[in-house]
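One-letter residues, chain by chain:
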Amino acid sequence: MYTGAQMNKQQYDQYNMQIPRKQKVPLFYKMVFPSLAVFLIIFMLFNLLSKPRTFSSQENRNLAQMPELSLESLADGSYFSALSAYQSDQFIGRDYWIRLRNSTQKFFGFKENDGIYFGSDGYLLKQGEPLDETKLNATLKAVDDFSNANPDMRITFLLVPGAQTVLSDKLPSGISAEDAFPDRSKAIELTQSVLGNGNNPYFTYVNVENFLKQAENTDRLYYKTDHHWTTYGAYTAFTNVKTAMAIDEPTPSFEVLPVSESFQGTLASQSGSFEEEDTIVVFRPIASDIMPEVDYYVLYPDEKIKLSSCYRMEKLAEKDQYTLFFGGNYGRLEIHTTNLNDRKLLIFKDSYANCFIPFLIPYFQEIEIIDPRYYYEDLDLLIRNEQITDVLFLYSENTFFEDVTLKDVLAG
Amino acid sequence: MSFASVSFLFYFLPAALLLYYICPRKIKGFLLVLISLLFYAWGSTATLLVILCSFLFNYVSGLAIGSGRKKSRVSLIFAVIINVAVLVFYKYVLTWFHMEGNVNGIPLGLSFYTFTVLSYLIDVYRGTDGVKAAKNPVRLAQYVFFFPKFISGPIEPYHTMAPQLQSPDVSLSNVRTGAVRFVTGLFKKVLISDVLGTLFSQIQGLPSRSVFLAWLGMLLFTLQLYFDFCGYSDMAIGLAGMLGYKLQENFDEPYASTGISDFWRRWHISLGHWFRDYIYIPMGGNRCSQSRQIMNLMTVWLLTGFWHGASLNFVFWGLYHGVLIILEKFCFDKFTRRWPNFIKTVLTFILVMIGWVFFFSPSLMEAFSYIGELAGTGGQGFFGGLSSYYLSQACLPVIIGLLFCIPLVNKALAYLGKSRYPIVSYILLIISMILLVLCVGQIIGATNVSFLYFNF
């Protein structure tokens, strides 16, 4: 090593390593700023030039629009928050960025996002919500009161467990059905204790959990990408609930028709996971000697239209293909059939019922369908006018435990 | 507005830099003030007036203090009291008496702002490094409102920033270094901290935890907080660099510290320096009796705790560190001096982690119950409940996080960044661009709102 006279650092370096006098800027440092600038500016220009979208079908919501500048919105700070929302909602390729995030999280090993588990075989399963006991108690009390007040009606109460309960083997490893819905057992216990002691001899509480779990092919009972059960799930429940509903006629044979193979439902949207596509099937009854064909029409009182089918095929072109069944949820629907047996069924339901109701059509003269979330009319009047003989409550557990509208409708 | 947001990255930043670079040198300072005020208004328009009034008051106070007459001491005391009173009112009184609804929002970054302003007033009073009161309000506004550091620091003292205000060094080399620093910070914040944070909040949300989960949760938060704050400081320093300013370093591999005092020389350095220069040393520092020194330390740590938040947790957390530092200084140092550094680092890391429990728990009671869970009071045994579920998810994020806490790894990366081989630089650039794309995905993806119940 050189140990001679004074030598400064730079000279020393030059002597040893032949580095040019002026330290060269590392290439990486030269490239980062221009790359970053190009990246940001290209996207800025794209965003400024692209036309804003009004609706995101992937997220199933309206996207934020450019806010209007006003003194008021500036002063209370709402202008800038609206502007920020607009900028991220209208970012070019937003849907793909959301998917990218999902892939990144899966790369890190995440097994859930926003309350949705990434289950095995492509199943997305929703976590159960925490239970609000007073809320559920009030709903149950209302159902019980309704049942006691109408002792001459045959009332069936059908609660459908969610995929996280029935398909617990699809949950990520380390998660049990109990973990996925910790408050479920408490909710079920409460339901049984309130509804088990009514005075109406024609009231039946049907628990389809075991029927579904023991079904032949449990995999097809629920959609992989949506929170609903499939038509197979509904069919399984129907065959098991017939007795309780006193339907003595035989079940026809069905032709199973796949109507869509590109369904990506709410769970895909919420989790940002779009790897799987579901098939939607409808069951078409085959007329035979034992079960003759029954004609019907569906009346939409709000829209004042009559349709000859409960399947609205045009909905398959939309994002939420599950609305194929009856076109979604309406406050009130009526079905009138050619089976003039004087049995008139009233259904209180959530959207789980939409793919179930077609199975009931041949057995009733009239079916009144009420979705309490959108129903604001007089229930007593309807019961008297339509001379209701049968009642069915059909809910998924997940909505029923959370519901706050049924009790108001039942109370009148 | 967070630096890691669509609005900042794709609108505010490119537009601000573009304007700033093309604007004539003479009015760059003025433009910077306008940009900074827009940045502030974007986050909290409603409190802009409060902060502007405060600024005006401090500008006048600075002139009064700097006038050099005998009154300057009185002016300083008055100005300090007013500033502290505003901070106490917004940050503490409102919370304690649940009156948040009575005001139009709390001014953004008020704790950082107050310390910045106090630094100005005291430096002017003392004439540190020959600084004088700013006659030109634009210069003072440049310092106070400087948007890269406004919301969460580093708390740059006035005397180091003052010489830069007149003519910032907007050189190509500063811009380049700043850009590298900025993206490094962005990666830390978005790709490490936020990922760890997602897991942490899930574990924190559980009704109770096994021993393993309690430790894992604590470790996740420890890493999340570091990468969040350090990433944010990196972005601030990088942005300042791109604008031609030099801010002091805020973190220096804190989790490799070999003691609590050492930790505080390497964690949130600018805050530590602030307390040292403006509180500890004026009180006598360590050039006084041992008992006085202990009192000084406890005062500083009590204030440090308070500065972080209004709840008792933070006070406790501050005192916890104060006590540890005093014990370390006066009791344990003799024994531990010869221990291998590795053991000291691990012990320090554990003590710091336990401190963070008080940081992340919503109340003191919950903090103690969490500490209990570390010892098994969660009632789920050592590895029960969801332990295996979270172990499998946390593995990779934790490994990545711990890796970047190791000084050697960061040195190696810095070395690669300065490599003379073009191939290395190109590979690094490609990786950086991929990470940048992933960042955008994370940022936009986080705003995914799907209305599940819309169509139930």
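Residues numbered from 1 in each chain as written. Chains lettered and ligands numbered in written order. Predicted model: local features only at pLDDT ≥ 70, side-chain atom pairs only at ≥ 80, totals over all residues. Heavy atoms only, no water.

K.L.:
Got a sec to walk through the overall build of chain B? Specific residues and values, please.
P.N.:
Summing up its helical and strand segments, chain B has 19 helices and zero strands in all. A compact globule built from 456 residues should have a C-alpha radius of gyration of about 23 Å, and chain B, at 23 Å, falls within 12% of that. Taken over the C-alpha atoms alone, chain B extends approximately 70 × 60 × 55 Å along its principal axes. Pairs at least 24 apart in sequence give 75% of the contacts found in chain B among residues at least 6 apart. Accessible surface, chain B as shown: approximately 19700 Å² in total, 70% of it carbon and sulfur. Computed over 32 positive and 17 negative side-chain charges, the inter-centroid distance for chain B is 10 Å. (Helix = DSSP H or I, 4+ residues; strand = E, 2+ residues; numbered from the N terminus. Rg over C-alpha atoms; globule rule 2.2 N^0.38 Å. Contact = heavy atoms within 4.5 Å. Areas by Shrake-Rupley, 256 points an atom, 1.4 Å probe, with all protein chains shown as cover. Lys, Arg positive; Asp, Glu negative; His and termini not counted. Charge placed at Lys NZ, Arg CZ, Asp CG, Glu CD.)

K.L.:
So what's going on with the overall build of chain A? Residues and values would help.
P.N.:
Along the backbone of chain A there are 16 helices and 15 strands. For chain A, whose C-alpha radius of gyration is 30 Å, the value lies well above the compact-globule estimate of 22 Å for 412 residues. Expressed as lengths along the three principal axes of its C-alpha atoms, the size of chain A is roughly 115 × 50 × 45 Å. Put simply, of all contacts in chain A between residues at least 6 apart along the chain, 71% involve residues at least 24 apart. In the form shown here, chain A has an accessible surface area of approximately 19000 Å², with 52% of it arising from carbon and sulfur atoms.

K.L.:
Before we move on, can you summarise the packing of helix α10 (residues 211–242) of chain B against helix α15 (residues 341–360) of chain B with the specific residues and values?
P.N.:
Residue and element names in this part refer to chain B. Direction vectors running N to C along α10 and α15 enclose 90°, while the axes themselves pass 9 Å from each other. With respect to their mutual orientation, α10 and α15 come out roughly perpendicular. Where α10 abuts α15, its residues Trp 215, Met 218, Leu 219, Phe 221, Thr 222 and Leu 225 lie against Phe 349, Ile 350, Met 353, Ile 354, Trp 356, Val 357, Phe 359 and Phe 360. (Axes fitted to C-alpha atoms, helices over the stretch in contact; angles between N-to-C directions. Parallel < 35°, antiparallel > 145°, perpendicular 65-115°, else oblique.)

K.L.:
Before we move on, can you summarise the interface of chain A and chain B with the specific residues and values?
P.N.:
The interface of chain A with chain B comprises 63 residues on the first partner and 65 residues on the second. Between chain A and chain B, roughly 6200 Å² of surface is buried when both sides are summed, and carbon and sulfur atoms account for 69% of that area. On the chain A side of the contact with chain B, A:Phe28, A:Tyr29 and A:Phe108 bury the most area, a combined 12% of that side's loss. Between the two partners, chain A and chain B, sit ten residue pairs in polar contact (both at pLDDT 80 or more). Of all the secondary structure elements, the ones that give two or more residues to the side of chain A that touches chain B are α2 (27–49), α3 (71–75), α4 (78–89), α5 (94–108) and α12 (266–271) of chain A. Ranked by residues supplied to the side of chain A that touches chain B, first place goes to α2(A) with 16 residues. Taken together, the residues of the side of chain A that touches chain B break down into 30 nonpolar, 21 polar and twelve charged. (Buried area = accessible area lost by both parts, 1.4 Å probe. Polar contact = N/O pair within 3.5 Å; in protein donor to acceptor, adjacent residues only side chain to side chain. Nonpolar A, V, L, I, M, F, W, Y, C, P; charged D, E, K, R; others polar.)

K.L.:
So what about the sheet that holds strand β5 (residues 124–126) of chain A? Which residues, and what values?
P.N.:
Pairing within the open sheet is antiparallel, and its three strands lie in the order β3-β4-β5 (chain A). Two strands in the sheet have a free side with no partner beyond their single neighbour: β3 (112–113) and β5 of chain A. (Pairing = 2+ DSSP bridges.)

K.L.:
Requested: an account of a negative patch on the surface, with residues and values cited.
P.N.:
Negative charge collects at one region of the surface, where A:Asp302, A:Glu303, A:Glu377, A:Asp378 and A:Asp380 lie side by side. Mapped onto the secondary structure, A:Glu377 falls in the loop between β14 (366–370) and α14 (379–386). (Patch = residues over 30% accessible without salt bridge, like charges linked within 9 Å, V, L, I, M, F, W, Y side chains within 5 Å. Salt bridge = Lys/Arg side-chain N within 4 Å of Asp/Glu carboxyl O.)

K.L.:
Go over the confidence of the model for chain B with me, naming the residues and quoting the values.
P.N.:
Residue and element names in this part refer to chain B. On average, residues of chain B score 93 in pLDDT, and 98% of them reach the 70 mark or higher. Here helix α4 (residues 71–96) stands out as the element of chain B with the lowest mean pLDDT, 91, in contrast to α10, whose mean of 97 is the highest. Counting interchain partners and residues more than four positions distant, the pLDDT-below-50 stretch residues 452–456 has 18 contacts. Across the interface, the model reports ipTM at 0.91; the global pTM reads 0.90. (pLDDT = per-residue confidence, 0-100.)

K.L.:
So, the environment of B:Leu63: which residues are in play, and what are the values?
P.N.:
Residues and elements named next belong to chain B. Along the polypeptide, Leu 63 turns up in helix α3 (residues 48–66). As a C-alpha pair, Leu 63 and Ile 81 span 18 residues in sequence and 17 Å in three-dimensional space. Non-local contacts of Leu 63, meaning those with residues more than four positions away in its chain, are made with Ala 133, Ala 134 and Lys 135.

K.L.:
Can you break down the side chain of A:Asn47 residue by residue, with the values?
P.N.:
By secondary structure assignment, the location of A:Asn47 is in helix α2. Among the residues examined, A:Asn47 registers a relative accessible area of 5% and is labelled buried. Once residues lying within four places of it in the same chain are set aside, the contact partners of A:Asn47 are A:Gln90, A:Phe91, A:Ile92 and B:Tyr11. (Buried < 20%, exposed > 50% of the residue type's maximum accessible area, 1.4 Å probe, protein only.)

K.L.:
Got a sec to walk through the domain arrangement of chain A? Specific residues and values, please.
P.N.:
Domain assignment breaks chain A into domain 1 (9–94) and domain 2 (118–411). Each of domain 1 of chain A and domain 2 of chain A has a C-alpha centre, and these two points are 48 Å apart. (Domains from an automatic or database assignment.)

K.L.:
Explain a nonpolar patch on the surface to me, and be specific about the residues and the numbers.
P.N.:
A grouping of B:Trp339, B:Phe342, B:Ile343, B:Val346 and B:Leu347 is seen on the molecular surface, where their side chains present a nonpolar patch of about 480 Å² in accessible area. Within the fold, B:Val346 resides in helix α15.

K.L.:
Could you give an account of the pairing of strand β6 (residues 154–160) of chain A, naming the residues involved and the relevant values?
P.N.:
Residues and elements named next belong to chain A. Burial within β6 is extensive, with six of its seven residues counted as buried. Pairing geometry for β6 and strand β15 (residues 390–396), over seven bridges, is parallel. Within β15, the residue paired with Thr 156 across the bridge is Leu 392. With five bridges connecting them, β6 and strand β7 (residues 203–207) associate as parallel partners. From the neighbouring strand, Phe 157 faces β7, where its bridge partner is Tyr 205.

K.L.:
Tell me about the sheet that holds β14(A), and name the residues and values.
P.N.:
Residues and elements named next belong to chain A. What the eight strands build is an open sheet, ordered β7-β6-β15-β13-β14-β12-β10-β11; its pairing is mixed. One side of each edge strand has no neighbouring strand; the edge strands of this open sheet are β7 and β11 (305–307). The sheet shows a mean angle of 20° between the axes of neighbouring strands, taken without regard to direction. Bridging between strand β10 (residues 296–300) and strand β12 (residues 332–337) involves four bridges; their strand directions are antiparallel. From the neighbouring strand, Tyr 296 faces β12, where its bridge partner is Thr 337.

K.L.:
So what about the pattern of salt bridges? Which residues, and what values?
P.N.:
Enumeration over the complete set of coordinates arrives at 35 salt bridges over all chains. With its nearest N and O atoms 3.0 Å apart, the salt bridge here joins B:Lys189 to B:Asp194. On the accessibility criterion, B:Asp194 (32% relative accessible area) is partly exposed. Connected via shared salt-bridge partners are A:Glu59, A:Arg61, A:Asp89 and A:Arg94.

K.L.:
Tell me about unusual backbone geometry, and name the residues and values.
P.N.:
The amide bond that connects B:Gly153 to the next residue, B:Pro154, takes the cis arrangement and shows omega of 0°. Its place among the elements puts B:Pro154 in the loop between α7 (147–150) and α8 (158–165). Even without glycine at this site, A:Phe326 takes up a positive phi of about 65°. What makes A:Phe326 buried here is its relative accessible area of 2%. For B:Asp129, which is not glycine, the phi torsion reads 50° and is therefore positive.

K.L.:
Run through the packing of aromatic side chains, naming residues and quoting values.
P.N.:
Any aromatic ring pair is given by two values, namely how distant the centres are and how the planes are angled relative to each other. This model, assessed by the stated rule, comprises 98 aromatic pairs over all chains. Look at A:Phe283 and A:Phe359: their rings are 5.4 Å apart centre to centre, the planes differ by 80°, and that puts the pair in the edge-to-face class. Of this pair, A:Phe283 sits in strand β9 (residues 278–286) while A:Phe359 sits in helix α13 (residues 357–360), and the two are 76 residues apart along the sequence. Exposure remark for A:Phe359: the relative accessible area of 5% places this residue in the buried category. Judged by centre distance (5.7 Å) and plane angle (40°), the ring pair of B:Tyr92 and B:Trp96 falls under tilted. (Phe/Tyr/Trp six-rings, centres within 6.5 Å; stacked < 30°, edge-to-face > 60°.)

K.L.:
How would you sum up the nonpolar core? Please name residues and give values.
P.N.:
Ranked by internal contacts, the top residues of the largest apolar core, which has 228 residues, are A:Trp229, A:Phe356, A:Leu360 and B:Phe8. Top element by residues in this core is α10(B). It accounts for 21 residues. Contacts of A:Trp229, omitting those with residues within four sequence positions, involve A:Val160, A:Leu221, A:Tyr222, A:Tyr223, A:Ala234, A:Ala237, A:Tyr322, A:Tyr352, A:Cys355, A:Phe356 and A:Leu394. Membership of the second largest hydrophobic core comes to 33 residues, among which are A:Leu131, A:Leu159, A:Tyr375 and A:Phe400. (Core = buried A, V, L, I, M, F, W, Y, C linked by side-chain atoms within 4.5 Å.)

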